[in-house]
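The primary structure of each chain is shown beneath.
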Amino acid sequence: MLTALNKQQQLITLIRHSDEEVAGLKGSKFYCPVCQAPLIIKAGKIKIPHFSHVSNIGCKGSGEPETATHLRGKKLLFHHFSSLISTVELEHYLPSVQQRPDVYILLKHKRYSVEFQCAAISSDDFLARTIGYQNEGIEPVWILGSRIDQKGMGPRISLTHSQQLFIRYSPHAGYWLSYFDTENEMMHFYYNLHPHSAKLFSSEIFTLTLNSVPFPFKLPLKMNNPPKKYFKAANDSWIKNKLMYNNGVNDRFLKALYLNGDHLLSLPDYIGIPTEHMLLFKSHPIEWQYFIWYDGLKKKPAGSSVCFWDIYDSFQKRISTGFIQCRILPLVKKDLLVEALKEYLMILLKRDIIKEVKSEVYYVTGKHT
């Protein structure tokens, strides 16, 4: 914690004071702006000077213990955003949601909460805090403080399930997230993300020194699609593992294929292809695309018509029953599932598997192989 109230109920921010001034403040009394409990100043060699509760009383404004990286990160972010924007507050407490973002910003009548997250966070906590801000009309800006593991050339990166919570979407940059390297004062934007497995992603990387970072963030236009060889290798590996190390009759997908008279090795070549929105799904593209094809098209006789929203309803049923699993992405709008389905149907249109009769109504050509 970098802010506290003094005896006169004035807000004191330690990062505005020199080391000598902080040393002189050590004998003074300070209180938590949230719970009013006594605070002490801690100023060691590892962490920057900060306030800490005298006793652990479960303050509603306190989260997990702060690391040196977290304290330094929010100090740097506060100074930088303050240089760009007139209304920026450090650790501003929001009583309506009982949350205190690292940095609070008011810009052109729009409010932002900047959260610099270094420790792993559960999806429940992330979702609760995100919804809390959104319900107040505040846009949450989550920035990763834990290093992203880069895998070889490409580049390809590995994201833990906790890190994947930070993924956002924009039409021009695709799926993206940000990481702030406090040691080098660099902001890294990983964008145009495409999954190759549950944790492995290809991406483009855009890096800026902190003093060059605009707010709101501005990402470049995505330029490249990942090489198809990555997807083919990932598909081949997934099929091999599915057949060799499956759970037999307990594997819901293989069981569904069997009951439907299909086999994993003989599916049409337009099932399991890369799409822009495939990151939405934890399930492999072969799985979710198969169910779209089977439920919405294969069972239809050639020449029959089908409505987009009927296909979407079947798609949603597969999700609600667990046949298709989605990633937990609290910062991504739910309506992108509609876009994911439309994108795949557009591919089928180009392959002449279906034809559009009128807006959102198709007829089946019968070319299922």
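As a reminder, the structure under discussion sits directly above these lines.
Predicted, not measured: the structure shown is a model, and the values here were computed from it.

> How do you make sense of the nonpolar core when you look at a structure like this?
General note: in soluble globular proteins, nonpolar side chains tend to be found buried as a group. Of all hydrophobic cores here, the largest spans 62 residues; its most connected members are L193, L264, L280, Y290 and F315. Filtering out sequence-adjacent residues up to four positions away, L280 remains in contact with Y175, C326, R327, L329, V332, L336, L337 and A340.

> Any chance you could explain the pattern of salt bridges here in plain terms?
Oppositely charged side chains may form a pair once their charged atoms are brought near each other. Scanning the entire structure with this criterion turns up 15 salt bridges. Measuring nitrogen to oxygen at the nearest pair gives 3.2 Å for the salt bridge that ties E115 to R129. With E115 in strand β8 (residues 110-117) and R129 in helix α3 (residues 123-135), the pair connects residues that are 14 residues apart, well separated along the chain. A relative accessible area of 3% means that E115 is categorised as buried. Of the charged contacts, one joins K151 and D149 as a salt bridge, the two residues approaching to 3.1 Å between their closest N and O atoms. By relative accessible area, K151 is classed as partly exposed at 39%. By relative accessible area, which is 39% here, D149 ends up partly exposed.

> When you look at the packing of aromatic side chains in this model, what are you seeing that I'm missing?
Geometrically, a pair of aromatic rings is defined through the distance of the ring centres and the angle of the planes. One pass over the structure, following the stated rule, counts 25 aromatic pairs. Ring pairs connect the aromatic residues F81, Y112, W176, F189, F206, F215 and F217, which therefore count as one cluster. Lying across the ring of F323, R252 places its NZ or CZ 3.9 Å from the centre.

> Please explain the packing of helix α7 (residues 285-298) against helix α9 (residues 336-350) as it appears in this structure.
Between two packed helices, what matters for the description is the angle formed by their axes and the separation of those axes. Across the interface, α7 lies against α9 with an axial gap of 12 Å and an inter-helix angle of 70°. Classified by the interaxial angle, the pair formed by α7 and α9 is roughly perpendicular. Residues W288, Q289, I292 and L297 of α7 form the contact with α9, whose own contacting residues are L341, Y344 and L348. Classifying every residue of the contact of α7 with α9 gives 6 nonpolar, 1 polar and no charged.

> It is not clear to me how a nonpolar patch on the surface should be interpreted in this structure. Could you clarify?
A cluster of nonpolar side chains, namely L243, M244, Y245 and L265, defines an oily patch on the protein surface of about 460 Å² accessible area. Examined against the element boundaries, L243 turns out to sit in helix α5 (residues 228-244). The class for L243 is partly exposed, based on a relative accessible area of 34%.

> I would appreciate a short explanation of unusual backbone geometry in the present structure.
Between F215 and P216 the backbone carries a cis peptide bond, its omega angle lying at -5°. Here P216 is to be found in the loop between β15 (200-209) and α5. Notably, D352 is not glycine yet its phi reads approximately 65°, a positive angle. Structurally, D352 can be placed in the loop between α9 and β17 (354-358).

> Sorry if this is basic, but what is going on with the packing of helix α8 (residues 308-320) against α9 here?
At a minimum axis separation of 11 Å, α8 and α9 run at an interaxial angle of 120°. The angle between α8 and α9 places the two elements in the oblique class. The chirality of how α8 crosses α9 is right-handed. Side by side, α8 and α9 meet where F308, W309, I311, Y312, F315, Q316 and I319 of the first sit next to L337, V338, L341, K342 and L345 of the second. Grouping the constituent residues of the contact of α8 with α9 by class yields 10 nonpolar, 1 polar and 1 charged.

Parameters at a glance
- Residues numbered from 1 in each chain as written.
- Predicted model: local features only at pLDDT ≥ 70, side-chain atom pairs only at ≥ 80, totals over all residues.
- Heavy atoms only, no water.
- Core = buried A, V, L, I, M, F, W, Y, C linked by side-chain atoms within 4.5 Å.
- Buried < 20%, exposed > 50% of the residue type's maximum accessible area, 1.4 Å probe, protein only.
- Contact = heavy atoms within 4.5 Å.
- Salt bridge = Lys/Arg side-chain N within 4 Å of Asp/Glu carboxyl O.
- Helix = DSSP H or I, 4+ residues; strand = E, 2+ residues; numbered from the N terminus.
- Phe/Tyr/Trp six-rings, centres within 6.5 Å; stacked < 30°, edge-to-face > 60°.
- Lys NZ or Arg CZ within 6 Å of the ring centre and 35° of its normal.
- Axes fitted to C-alpha atoms, helices over the stretch in contact; angles between N-to-C directions.
- Parallel < 35°, antiparallel > 145°, perpendicular 65-115°, else oblique.
- Nonpolar A, V, L, I, M, F, W, Y, C, P; charged D, E, K, R; others polar.
- Patch = residues over 30% accessible without salt bridge, like charges linked within 9 Å, V, L, I, M, F, W, Y side chains within 5 Å.
- Areas by Shrake-Rupley, 256 points an atom, 1.4 Å probe, with all protein chains shown as cover.
- Left-handed = near helix turned anticlockwise from the far one by under 90°.

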